[in-house]
Amino acid sequence: MKEITILSGKGGTGKTSVTAALGSLAGNAVFCDNDVDAADLHLIFQPEINEAYTFSSGWNVTINTTKCTRCNSCLDYCRFDAIRTMSDGGFVIDPLKCEGCRLCERICPANAILAEENKNNHWFVSSSRFGPLVHAKMGIGSENSGKLVTRVRQKAKEIASGSDSRFIINDGPPGIGCSAIASLSGINTALIVIEPSKSGLHDAQRLIELIQSFKIEACAIINKYTINDAFTSQIEKYLEILSIPVLAKLPFDKEMVLAMTEGKTIIEYNPESEISQKITHVWEGLARKTG
Amino acid sequence: MSFRIAIASGKGGTGKTTVSVNLYHFLAANDGLRISLLDCDVEEPNDAIFFPDASLVKEVEIFRDLPVIDTDKCTFCRRCVEYCEFNAIVVIPPANYAEVNASLCHSCGACIVACNESAITERKETIGKMTSFRPERNMNLIEGRLKIGSSMQTMVIKELKKSAPADDDITLFDAPPGTSCPVVETIHDADYVILVTEPTLFGLHDLKLMVELLEEMDKEFGVVINKAGLGDQSLYDYLQSNQLEVLGEIPFSQEYAGLYAKGDILNKIPQEIKNSYQSIVEAMELRRSKK
């Protein structure tokens, strides 16, 4: 079983549209949406949820103002500026700044601070017309998106090994921070979707550096290449130096957006289009290489 | 005190950076106003790309405190392991092994409080850097840049904000994509939030997540529709039925996308797009004068 993650660095380059298109082609695969804080893949997969779970993302910490002696200890120990003084001199914890380290709860001499598990993340095991999908809905403003990515990937792996699936395909998050790192660890191939712009190239370079630090094999798709031919060739040269193969160059085509609007993959929307044929070619190559 | 405007989106690639740098440009064109732009998308900062002639003012490294365990003093009692909420410490008593995993550690200081043997001290670890540019006399541009491989993006944003000149008239925060902790860190102290969306299925879905977050945070906000003309009507129906304020619409143009690709959007702004930004600038000026 091989695991592929689709990433981009920059947001909006077409990760999810490409992942969905691969969904139409992959056959025996398990899918996993690793973009847990703005998950979109389910909008195309329209899955039927079979199992729903909650995932704890740290702690919800409160101060009991009648027990509190206003000794200031919590204020001194908190490194996240999460403890605010109210107009009456009492203290309150700002849940959006609190990282849930529970140090204030431990050091409070009056035992006035209580931490309760924050169970506002949900994740799901679903079935779809393309195969099983593991996806999540993160609690608004939550911590620990990296841990949630790790959790959904773990489940996808269990399903894949239990069903003899040949592939796990992860729709990755933008950026290079904790969730991108969590979506990369231990995979076989990273497929980078690059947009030919200064920002797209800059962001892909940072992502490639991260991927290489994990010693993971990378390949690339240049999406919307017709937006800027000069940048496209600059990106091709850059990738050639790093021996990262370009599997396809996809033109800008409003059909990609129209397909999305109808909740379809580009392959379903128009299998004859240039993009569909090129993505089919990409999948054949990936399946040969990683399969 | 500066009037602080955050530019956010949920979905990546909707045009946060485009709107941020244009707004920055047009606000600064108003005589005498001092404007700062903070690039809080520290995983993939792009704002500086659009100001290639800006003079470099300074570059500083950002550090965090990383605990180090002295195994000569350590009694391997595992109290630090119990205190650590992030599973960042591994202690194996029979092997006399005690280590902090930097990629999981949040630098909260709990382990230091836990240790009765004073075996844990802290050393500085680089997590990123901050670069200040001056595109024009009345403009500050400060970029946060996460070190590749680090997952301390929220702390980099925190440090970036501390460096903002407090006496500027307006400070803009260009937010990262998503809805999790780095986004919350970026917008929590903003006076106003501009949500940039696009009229597509994914754009609308992620906009709703952001609206939910901002309502929970009790923030005032308005919406900019970018790439108008792509996609369908459902975004407009949603905005209307929820009576959300639309600050402006920026039409989709492949030619403009090509200019963006070259990093050249501020020199050749089509009149239609100029008009859109002028009305957003006026709306922001009105908000500022009311504050």
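The structure we're discussing is the one just above.
Let us look at the structure shown here. (Residues numbered from 1 in each chain as written. Chains lettered and ligands numbered in written order. Predicted model: local features only at pLDDT ≥ 70, side-chain atom pairs only at ≥ 80, totals over all residues. Heavy atoms only, no water.)

Further remarks concern the overall build of chain A. Looking only at helices and strands, one finds 11 helices and 13 strands in chain A. Projected onto the principal axes, the alpha-carbon positions of chain A cover approximately 70 × 40 × 35 Å. Each of the 291 residues in chain A was classed as buried or not, and the buried ones make up 59%. Excluding contacts between residues fewer than 6 apart, the proportion of contacts in chain A whose partners are at least 24 apart in sequence is 77%. Summed over all atoms, the accessible surface of chain A reaches about 11400 Å², with 48% contributed by carbon and sulfur. Both charge centroids of chain A, one from 30 positive and one from 33 negative side chains, sit 4 Å from each other. (Helix = DSSP H or I, 4+ residues; strand = E, 2+ residues; numbered from the N terminus. Buried < 20%, exposed > 50% of the residue type's maximum accessible area, 1.4 Å probe, protein only. Contact = heavy atoms within 4.5 Å. Areas by Shrake-Rupley, 256 points an atom, 1.4 Å probe, with all protein chains shown as cover. Lys, Arg positive; Asp, Glu negative; His and termini not counted. Charge placed at Lys NZ, Arg CZ, Asp CG, Glu CD.)

Attention shifts here to the interface of chain B and chain A. The accessible area lost on association of the parts is a frequent measure of interface size. Taken together, the contact between chain B and chain A spans 61 residues of the former and 62 residues of the latter. Together, the buried faces of chain B and chain A total about 5300 Å²; carbon and sulfur atoms form 60% of this surface. Looking at the side of chain B facing chain A, the largest losses of area belong to Glu44, Ile148 and Phe202 of chain B, adding up to 14% of the total buried there. Where chain B packs against chain A, one counts four salt bridges. Close ionic contact of arginine 106 of chain A with glutamate 85 of chain B constitutes a salt bridge, the shortest N to O distance being 3.2 Å. The tally of links between chain B and chain A comes to 25 residue pairs in polar contact (both at pLDDT 80 or more). Sort the elements by how many residues they give to the side of chain B that touches chain A and helix α6 (residues 201–216) of chain B lands first, with eight residues. (Buried area = accessible area lost by both parts, 1.4 Å probe. Salt bridge = Lys/Arg side-chain N within 4 Å of Asp/Glu carboxyl O. Polar contact = N/O pair within 3.5 Å; in protein donor to acceptor, adjacent residues only side chain to side chain.)

Here the focus is a nonpolar patch on the surface. On the surface, a nonpolar cluster with roughly 240 Å² of combined accessible area is contributed by Val90, Ile92 and Tyr97 of chain B. Given a relative accessible area of 39%, valine 90 of chain B falls into the partly exposed group. (Patch = residues over 30% accessible without salt bridge, like charges linked within 9 Å, V, L, I, M, F, W, Y side chains within 5 Å.)

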